[in-house]
Amino acid sequence: MILYFSATGNSKYVAQELSVATGESMVPLKELVRNKDYVLTISDGEDFGVVMPTYWEGLPSILLDYLKQVSINLEGNNHYCYFVATYGCDYGNILSTATKEFARFGIYFDSLYAARFVDTWSPMFNLKNKLKNQRAEENGRQETAQIVKWVINKEHGHNLPDQMTKSQAERAKRTYDSIRKTSLFKLNSDKCIGCGLCSRQCPMEAISMKENKPVWVKSMCTLCLGCFHRCPAAAIDYDYSLRNGQYVFPDIRLDN
């Protein structure tokens, strides 16, 4: 099983490459959350991989909230468990946080990996430079290819040090929680074509279509920016992000 979450395609690309190489099935966290499926069973002999994007130097809130409710049944002892973080600027302390969170279920990762792609945090990073994006994409592909080799070999002991102190990570987490307010999203009704993609793809079901226009119906979301990046009409903005452009990984078919 490869549990993954992906809004713009980076993490899904890694999960897909791992799935093709290992034969393990891909399980989208978004669908588990939407279906309120809070039981995961990992059969004896089945490997367990987790592929997650780095949000504010840590785990995305959708995973943290899911782990508060899920029951994970790890049958037998014959498992290779690993975690892969995707990131753009830095991976912060996501690996050590993942180690701590999954240890509560008796899951101890044999190796922890990270692959650097385009940083999709559009409020800060300019995504209009295609050549720069292509270099980052190629870097991500190469690092993913190496991770796939390590996973196939079931290598143990791979890890990376935290890039920030515990207090810095706590401040980053507080900042992340404070900016997940959906009131920060703005819709240009004149540009909106009413396709409903933003509503269908929202992992938190925070968007509903009313009178053929999206309306944010929850006060908080996981801030994946999927609605922003994937809007075909560029009708959604978040904190003036449109000035820096939209982005999706080109090699992947994204979930709707």
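In this text the structure is predicted, and so the values were computed from the model without any measurement.

(A) Highlighting the overall build of the chain. Helices and strands together make up the secondary structure of the chain, namely eight helices and eleven strands. Its C-alpha atoms give the chain a radius of gyration of 18 Å, within 12% of the compact-globule value 18 Å for 256 residues. Counting only C-alpha atoms and orienting by the principal axes, one finds that the chain spans roughly 55 × 40 × 40 Å. By the burial criterion, 54% of the 256 residues in the chain qualify as buried. Taking all contacts inside the chain whose residues are at least 6 apart in sequence as the whole, residues at least 24 apart take part in 78%. Summed over its atoms, the accessible surface of the chain is roughly 12000 Å², and 48% of this surface lies on carbon and sulfur atoms. For the chain, the separation between the mean place of its 30 positive charges and that of its 28 negative charges on side chains is 8 Å.

(B) Just the side chain of S122, in detail. Mapped onto the fold, S122 is located in the loop between β7 (111-116) and α5 (130-152). With a relative accessible area of 0%, S122 lands in the buried category. Once you skip the residues sitting within four places of it in the chain, S122 turns out to touch L127, L225, F228, H229, S241, N244 and G245.

(C) Inspection of the pairing of strand β10 (residues 213-216) at higher detail. Burial along β10 is one-sided: the residues P214 and W216 are buried and none of K213 and V215 is. In the sheet, strand β9 (residues 207-210) pairs with β10 via four bridges, with the strands oriented antiparallel. Bridging across to β10, M209 finds its partner in P214. The turn linking β9 back onto β10 is made up of two residues, and E211 within it adopts a positive phi angle of 55°.

(D) Unusual backbone geometry, seen in detail. Even without a glycine there, the phi angle at E211 is positive, about 55°. Turning to its location among the elements, E211 is positioned in the loop between β9 and β10. We classify E211 as exposed; its relative accessible area is 80%. The phi dihedral of N212 is positive, around 65°, even though this residue is not glycine. Looking at the secondary structure, you find N212 in the loop between β9 and β10. The class of N212 is partly exposed, set by a relative accessible area of 48%.

(E) Focus on the sheet that holds β7. Pairing is parallel in the open sheet, where five strands are placed in the order β2-β1-β4-β6-β7. A single partner strand is all that each edge strand has here, and the edge strands are β2 (26-28) and β7. Across this sheet, the average inter-strand angle for adjacent strands is 20°, counted without regard to direction.

(F) Focus on the pairing of strand β3 (residues 39-42). Of the two faces of β3, only one is covered, namely that formed by L40 and I42; the face formed by V39 and T41 stays uncovered. Two strands pair when backbone bridges link them, and β3 and strand β5 (residues 71-74) are joined in this way by four bridges, in the parallel orientation. Within the sheet, the bridge partner assigned to V39 lies in β5 and is S71.

(G) Structural context of the packing of aromatic side chains. Counted according to the given criterion, the structure contains 16 aromatic pairs. Ring geometry for F117 against F249: centres 5.7 Å apart, planes inclined by 80°, an arrangement best described as edge-to-face. One end of the pair, F117, is in the loop between β7 and α5; the other, F249, is in the segment after β11 (236-238), with 132 residues separating them in the sequence. Summarising the burial analysis for this pair, F117 and F249 share the class buried. Through successive ring pairs, a cluster of aromatic residues spans W56, W121, F185, W216 and Y238. Positioned above the aromatic ring of Y176, the side-chain terminus of R180 is 5.3 Å from the ring centre.

About the cut-offs
- Residues numbered from 1 in each chain as written.
- Predicted model: local features only at pLDDT ≥ 70, side-chain atom pairs only at ≥ 80, totals over all residues.
- Heavy atoms only, no water.
- Helix = DSSP H or I, 4+ residues; strand = E, 2+ residues; numbered from the N terminus.
- Rg over C-alpha atoms; globule rule 2.2 N^0.38 Å.
- Buried < 20%, exposed > 50% of the residue type's maximum accessible area, 1.4 Å probe, protein only.
- Contact = heavy atoms within 4.5 Å.
- Areas by Shrake-Rupley, 256 points an atom, 1.4 Å probe, with all protein chains shown as cover.
- Lys, Arg positive; Asp, Glu negative; His and termini not counted.
- Charge placed at Lys NZ, Arg CZ, Asp CG, Glu CD.
- Pairing = 2+ DSSP bridges.
- Axes fitted to C-alpha atoms, helices over the stretch in contact; angles between N-to-C directions.
- Phe/Tyr/Trp six-rings, centres within 6.5 Å; stacked < 30°, edge-to-face > 60°.
- Lys NZ or Arg CZ within 6 Å of the ring centre and 35° of its normal.

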